[in-house]
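Analysis of the macromolecular model
The lines below spell out each chain.
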Amino acid sequence: MYAIVNIAGQQFKVAKDQFLFVHRLQGDEGASIEFDNVLLAEDGGKFTIGTPNVAGAKISAKILSHLKGDKVIVFKKKRRKGYKKKNGHRQQFTKIQITGITL
């Protein structure tokens, strides 16, 4: 059994007991959260496609930790003009574990 769900503006294919890194979610570590915007669900070869969401389907998950991703360096330069700008960015993520899929 798996489902395709929209979490924080991104679509993920999820299954039970799977770990995911998603964009930062509100909530404390150890808290349970539910996602109800399920786009597609599969159960034993039977597919259910939502228009746009599957009615009554929910994904339950548990927040494991909040962390930061790798640093991304943004470097801008123009030749022969002496123009250089260096900037860095670290995206904040939340690690979640899918605890159940209900249809």
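Scroll up a little and you will see the structure.
The structure reproduced in this document is the subject of the present report. Computed from a prediction, not measured in an experiment: that's the story for all the values here.

Cut-off values and rules
Residues numbered from 1 in each chain as written. Predicted model: local features only at pLDDT ≥ 70, side-chain atom pairs only at ≥ 80, totals over all residues. Heavy atoms only, no water. Helix = DSSP H or I, 4+ residues; strand = E, 2+ residues; numbered from the N terminus. Rg over C-alpha atoms; globule rule 2.2 N^0.38 Å. Salt bridge = Lys/Arg side-chain N within 4 Å of Asp/Glu carboxyl O. Buried < 20%, exposed > 50% of the residue type's maximum accessible area, 1.4 Å probe, protein only. Patch = residues over 30% accessible without salt bridge, like charges linked within 9 Å, V, L, I, M, F, W, Y side chains within 5 Å. Areas by Shrake-Rupley, 256 points an atom, 1.4 Å probe, with all protein chains shown as cover. Lys, Arg positive; Asp, Glu negative; His and termini not counted. Charge placed at Lys NZ, Arg CZ, Asp CG, Glu CD. Pairing = 2+ DSSP bridges. Core = buried A, V, L, I, M, F, W, Y, C linked by side-chain atoms within 4.5 Å. Contact = heavy atoms within 4.5 Å. Phe/Tyr/Trp six-rings, centres within 6.5 Å; stacked < 30°, edge-to-face > 60°. Lys NZ or Arg CZ within 6 Å of the ring centre and 35° of its normal. Polar contact = N/O pair within 3.5 Å; in protein donor to acceptor, adjacent residues only side chain to side chain.

Things to note about the overall build of the protein chain
The secondary structure content of the protein chain amounts to zero helices and eight strands. When the helices and strands of the protein chain are placed in sequence order, the string is β-β-β-β-β-β-β-β. Taken over the C-alpha trace, the protein chain has a radius of gyration of 19 Å; the compact-globule value for 103 residues is 13 Å, which it surpasses by more than 25%. Taking the principal axes of the C-alpha coordinates as reference, the protein chain spans close to 60 × 30 × 20 Å.

What to know about the pattern of salt bridges
In the structure shown here, the tally under the stated rule is one salt bridge. Of the charged contacts in the structure, one is a salt bridge between Asp17 and Lys16, with a shortest N-O distance of 3.7 Å. Taking the relative accessible area as the measure of exposure, Asp17 reaches 46% and is therefore partly exposed.

Regarding a positive patch on the surface
A surface patch of like charges, here positive, comprises Lys68, Lys71, Lys86 and Arg90. Those elements that provide at least two residues to the positive patch are β7 (58–78) and β8 (83–102). By the secondary structure assignment, Lys68 is in strand β7. Accessibility expressed as a relative area gives 47% for Lys68, which makes it partly exposed.

Considerations on the pairing of strand β6 (residues 46–49)
Pairing geometry for strand β5 (residues 38–43) and β6, over four bridges, is antiparallel. Looking at the pairing, Glu42 lines up with Phe47 of β6. Between β5 and β6, which pair antiparallel and follow one another directly, the connecting turn spans two residues, one of which, Gly44, has a positive phi of 60°.

Let's talk about the nonpolar core
Ile7, Val14, Leu20, Phe35, Ile59 and Ile96 are the most contacted members of the largest nonpolar core, which has 19 residues in total. At the level of elements, β1 (2–7), β2 (10–15), β3 (19–23), β4 (32–35), β7 and β8 are the ones that each hand at least two residues to this core. For Leu20, the contacting residues outside a window of four places in its chain are Ile7, Phe12, Val14, Thr94, Lys95, Ile96 and Ile98.

Focus on the packing of aromatic side chains
The full count for this structure, using the stated rule, is one aromatic pair. Aromatic pair Tyr2 and Phe47: ring centres 6.5 Å apart, planes at 75°, arrangement edge-to-face. One end of the pair, Tyr2, is in strand β1; the other, Phe47, is in strand β6, and 45 residues separate them in sequence. Over the face of the ring belonging to Phe19 we find Lys95, whose NZ or CZ atom lies 5.2 Å from the ring centre.

Quick notes on the side chain of Thr94
As for its position among the elements, Thr94 is in strand β8. Judged by its relative accessible area of 0%, Thr94 falls in the buried class. Polar side-chain contacts of Thr94 include one of 3.0 Å to the backbone nitrogen of Leu25. The contacts of Thr94, once residues within four sequence positions are left out, are Leu20, Phe21, Val22, His23, Arg24, Leu25, Ile63, Ser65 and His66.

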